[in-house]
Amino acid sequence: MLIVGNMNNARIAEVFDLIADLLEFQDANPFRVRAYRNGARIIRDFSEPMQAILADPDRKLTDIPGVGKDLAEKIGTLCSTGGLPMLEELQAQVPQSVLTLLRIPGMGPKKVAMLYKELHVATLDQLRDACQQQKVRKLKGFAAKTEEAILAGIALAQTSGDRMCWAGADSYAQSIRAHMLDCKGIEKIEVAGSYRRGKDTIGDLDLLVVSSKVEDVMDRFADFTDSAGVIARGPTKITIRLVNGLQVDMRVVPAGCFGAALVYFTGSKDHNIVLRGLAKDRGLKINEYGVFRVHGSKEEFIAGRTEEEVYKSVDLPWIPPELREARHEFEWARSGKLPKLIELDDLCGDLHMHTTATDGKATLEEMVAAARARGFEYIAITDHSKRVTMARGLDAARLRQQWKEIDRLNRKLKDFRILKGVEVDILEKGGLDLQDDVLAEADWVVASVHYGQNQSREQITKRVVDALENPHVRAIAHPTGRLINRRKPYEIDLDAAFKAARDNNKMMELNANPARLDLDDVACAAAKSFGIPIVISSDSHSADGFHVLRYGVLQARRAGLTKKDVANTRSLEKLNELIAKGRQKAAR
DNA sequence: GCCGTTTTCGGCCCGACTGTTTTCAGTCG
C-alpha cells in the first residue's frame, strides 16, 4: 500500500472527530456518531502510528478495540490517498462554518441545524444579525431568552477560546477552595474533573462538596471574588463563570455518596461510560449517588461512600485519577497490572537548568544551594550553546571555564554532585552547535531544537535523529517544541526519533515547564513502550524553578510511568551506569 | 459504527438544569 507521508494518528483522529460533528449535525444515529468519536480518541491515544500497523502484513487495524471493519477501511484510505470520499460528501452537504456555531454555550447540533435549515445561518456574524433582527425567537423551541443567550454566547465564543494550562487552573482551584473553606458546614471539598486527572490543559473546574447546608454553600460559592455571574443553579448543582471566562461547577452531595460522586465528577466521560457498562453487566447501576443493585423497578443502594467501594463493586481495584482516560486502565486493573505511578519524592536530581552564564537568573552556587535545599543528590548545569544568541549562549571557551568552576565546587561538596552539562543546539542545517571534542568532556549533554521550527517533517526528524546518533548526546530536550496555546509542536516523526533513541540507548526529556510539558502523556507512554528512559526536567531559569517538577511528574503519571521508567529517580551511581550504557553503545 | 463465553441482532451510561413547554427536548458533563 502506498502511504501518504503526513497522515499521522492525530490527523486521522481529527478527520473522525470532524465526521462525528458533521453526522451529528445531520441527526445521524447517535451511536454511530459515538463510534467515530470513540475511534478518534482511541487512535489519538494509540502508542504506534496507524501507518506502522498498515505496513505490517501480520497485523490488522481491526484488532484495536473500537476499530471495526468500517473505520479500518477508512484509516487505510486516509493513509494511502490522504483523503476520504465520505468526508468530502459530508462537507458538500454541510458548510464547515456552521460547526463554529457549536462553540456557543448552549448550542448543540439540533439547534444549529434548525438555524441553518430555517434561517440559512452558517456563521457567527449571520447568527448575530438574525438575533438582532429578532428572527431567531420566531423559531419553534427558541424564544426571546434564547436569543439573548445566543448574543451573549457569541461574544464569549469570540473572546474566550483556549483551554487553560494546568498550572493556571491550579491557582484558581486553590483560591476557590480557600474561599469555600471559610464557609461553615463544609465537611469535605475536592476539586475533581480533568484537573484531578492532571490533564495538561483544563477547560473548566468541577468542585465537589459534602455538606448538609446546601443553600449556604451555594450562596458562598456564588459570592466568589472573581465570579462574573451565575449561569445555572438548581437544588444540587451550581455553575458560575469567572471574569476570565473559566467556568466552575459545584455539586453538593451527602457524605454517603461522596465516593460515587467523586468518581463521576473526576471522569473522564469515557472512563465513566466503561465503568457503568461493567456495572450493567453485573446487574448494577452506577450514578453519582452510588452503586445500586437493580431488582426489577426497585434499586438497592450497595456502595458509594468511597471511590474504592465503587470500583470494588465491579471487581476492580481503585484506579488512580491520572489513568482514567479509557485507555489501558481497565485492562491493567482487571489483570492486577496497574502501575505503581511515580511520585514527586522519587526524583533524586534534575538534569536541565540554566544559570546567569546564559539566560538564568541565579548563579551556579545559588542553583546548587536550591537543589541541596530540595534534597537532591545531583544536578546537571545545562546552559545554552552559542547559537542561542538571545540567551548569550556559551562557546567552547566559556563552557570550559564554567566546567572548571564546577570542578572547583565539586571538590568542596559532600554528598552532592554537579554534572558538567550543556544544552547544545541542534542547528538548522543539521549537526550540533559545539564540536565533538568539547561535548566529549561533558558529563551530560541534552540536545534541543530552538531554530528552524517551521522546517518540514523530514528535515526536523533528520536533525533530531542525527543528534540522537551523536555519541555524546544523552537526551533530547523538549522534543516537540510546543508551547501550550502559543506554539504548535513542530513537525516531527516521534516514532522515528524513539527508534533512534532506543537503538542508541538514549533518553527523552519530559520538560516540566507547565507551558511545555512535552513529551505529552501519549507520546511519553509511547516512549516507555520503546523502553526509553524518561528524564523529568525542570528547565529551571531561577533558584525557585524546581517547583515545576510536580507538573512533569503529574504528566508522567498520566503516561503510566513508574519510578523505574524515569532516569532521574536513580541514585547518581545508577544514573551513571545508564549513561555509560549509551557510551558503550556508541563505542561499538 | 462497534460488539459478542447467555447475543451476528439489538443493544449501546446516566442525571441535572434550562427554556420552552403543559410533559419534554436539548445541552452539558
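Residues numbered from 1 in each chain as written. Chains lettered and ligands numbered in written order. Predicted model: local features only at pLDDT ≥ 70, side-chain atom pairs only at ≥ 80, totals over all residues. Heavy atoms only, no water.

1. Considering the protein's contact with DNA strand B
The environment of DNA strand B is formed by 48 residues, the closest being Arg34, Gly66, Thr146, Tyr264 and Arg276. Restricting attention to atoms of DNA strand B within 4 Å of the protein, one finds that 74% of them are sugar or phosphate atoms. Here a phosphate oxygen of DNA strand B and a side-chain polar atom of Arg34 are 2.6 Å apart. A distance of 2.4 Å separates a base nitrogen of DNA strand B from a polar side-chain atom of Tyr264. Considering each element in turn, the surface near DNA strand B owes the most residues, five residues, to helix 2 (residues 30-45). Residues belonging to the surface near DNA strand B are distributed by class as follows: 19 nonpolar, 11 polar and 18 charged. (Near = heavy atom within 4 Å. Polar contact = N/O pair within 3.5 Å; in protein donor to acceptor, adjacent residues only side chain to side chain. Helix = DSSP H or I, 4+ residues; strand = E, 2+ residues; numbered from the N terminus. Nonpolar A, V, L, I, M, F, W, Y, C, P; charged D, E, K, R; others polar.)

2. Some details on the environment of Pro254
Among the structural elements, Pro254 can be located in the loop between strand 7 (247-253) and helix 12 (258-266). Separated by 146 residues in sequence, Pro254 and Gly108 place their C-alpha atoms 32 Å apart.

3. A word on the pairing of strand 6 (residues 237-242)
Burial within strand 6 is extensive, with five of its six residues counted as buried. Inspection of the sheet shows strand 5 (residues 227-233) paired to strand 6 by five bridges, in the antiparallel sense. Following the sheet pairing, Ser227 is matched in strand 6 by Leu242. Counted along the chain from strand 5 to the antiparallel partner strand 6, the turn is three residues long. Count of turn residues in the strand 6/strand 7 antiparallel hairpin: four residues, of which Gly245 carries a positive phi of about 100°. (Buried < 20%, exposed > 50% of the residue type's maximum accessible area, 1.4 Å probe, protein only. Pairing = 2+ DSSP bridges.)

4. Remarks on the sheet that holds strand 7
The strands making up a sheet associate through backbone hydrogen bonding, with each pair oriented either parallel or antiparallel. Read across the sheet, five strands follow the order 2-4-7-6-5 without closing on themselves; strand pairing throughout is mixed. Edge strands, defined here as strands with exactly one partner in the open sheet, are strand 2 (188-191) and strand 5. Neighbour-to-neighbour, the strand axes of this sheet turn through a mean angle of 20°, independent of strand direction. Contacting strand 4 (204-210), strand 5, strand 6 and strand 7, helix 11 (residues 214-222) runs over the sheet at an angle of about 165° to strand 7. (Axes fitted to C-alpha atoms, helices over the stretch in contact; angles between N-to-C directions. Contact = heavy atoms within 4.5 Å.)

5. A word on unusual backbone geometry
Here Gly267 and Ser268 are connected by a cis peptide whose omega angle stands at 0°. Structurally, the position occupied by Ser268 is in the loop between helix 12 and helix 13 (269-281). At the junction of Asp518 and Leu519, the peptide bond is cis and its omega measures out at 10° in the coordinates. Take Leu519: it is sitting in the loop between strand 16 (507-511) and helix 21 (521-529). In this structure, Asp27 takes a positive phi of about 65° despite not being glycine. For Asp27, the location among the structural elements is in the loop between helix 1 (9-25) and helix 2. Of note in the backbone geometry, Asp539 takes a positive phi value of approximately 55° without being a glycine. The class of Asp539 is buried, set by a relative accessible area of 8%.

6. Here's the deal with helix 21
Within the span of helix 21, buried status applies to Asp521, Val522, Ala523, Cys524, Ala526 and Ala527. Looking at the buried side of helix 21, the elements it contacts are helix 2, helix 20 (494-503), strand 16, strand 17 (534-537) and helix 22 (549-558). The N-cap of helix 21, judged by a side-chain oxygen 3.1 Å from the amide nitrogen of Val522 a few residues on, is Asp520. Gly531, located one to two residues past helix 21, shows a positive phi value of around 80°.

7. Side note on the domain arrangement of chain A
Each assigned domain of chain A is listed with its residue range as follows: domain 1 (9-159), domain 2 (164-252), domain 3 (257-334) and domain 4 (344-587). Between domain 1 and domain 2, the C-alpha centre-to-centre distance is 30 Å. (Domains from an automatic or database assignment.)

8. Digging into the packing of helix 9 (residues 166-181) against helix 22
The geometry of helix 9 relative to helix 22 is characterised by a closest axis approach of 11 Å and an angle of 110° between their N-to-C directions. Put simply, helix 9 runs roughly perpendicular to helix 22. Counting all contacts with helix 9, which are made through Trp166, Ala167 and Asp170, the residues of helix 22 involved are Arg550, Tyr551 and Leu554. Classifying every residue of the contact of helix 9 with helix 22 by side-chain character gives four nonpolar, no polar and two charged. (Parallel < 35°, antiparallel > 145°, perpendicular 65-115°, else oblique.)

9. Points about the pairing of strand 13 (residues 417-425)
Of all nine residues in strand 13, eight are buried; the element is thus mostly enclosed. Alignment of strand 12 (residues 378-381) against strand 13, held across four bridges, turns out to be parallel. Pairing of Tyr378 across the sheet is with Arg417, part of strand 13. For the handedness criterion, the β-α-β arrangement of strand 12, helix 17 (residues 396-412) and strand 13 is classed as right-handed. In terms of strand pairing, strand 13 meets strand 14 (residues 444-448) through five bridges, oriented parallel. Within strand 14, the position partnered with Gly421 by the bridge is Trp444. (Right-handed = clockwise from strand over helix to strand, strands pointing away.)

10. Points about the nonpolar core
Most often, soluble globular proteins keep nonpolar side chains buried together rather than apart. Membership of the largest hydrophobic core comes to 94 residues, with the highest contact counts inside it found for Leu205, Met250, Phe498, Met508 and Ile536. Here this core gets six residues from one element, more than from any other, and that element is helix 9. Summarising the domain contributions, this core has at least three residues from each of domain 2 (164-252) and domain 4 (344-587). Each residue touching Met250, except ones within four places of it in the same chain, is listed here: Met180, Leu207, Val209, Val217, Met218, Phe221, Thr236, Lys237 and Ile238. (Core = buried A, V, L, I, M, F, W, Y, C linked by side-chain atoms within 4.5 Å.)

11. Quick word on the sheet that holds strand 9 (residues 290-295)
The three strands lie next to each other as 8-9-10, forming an open sheet whose pairing is antiparallel. Across the chains shown, the open sheet's two edge strands, defined by having one partner strand only, are strand 8 (284-287) and strand 10 (298-303). Strand-to-strand twist across the sheet, computed as the mean angle between neighbouring axes with direction ignored, equals 35°. Sheet topology note: the strand 8/strand 9 ladder contains four bridges and is antiparallel. Looking at the pairing, Lys285 lines up with Phe292 of strand 9.

12. Examining the side chain of His271
Among the secondary structure elements, His271 is positioned in helix 13. Looking at His271, the relative accessible area reads 0%, which means it is buried. Discounting residues that sit within four places of it in the chain, His271 has contacts with Tyr311, Ile319, Arg324, Glu325, Ala326, Glu329 and Phe330.

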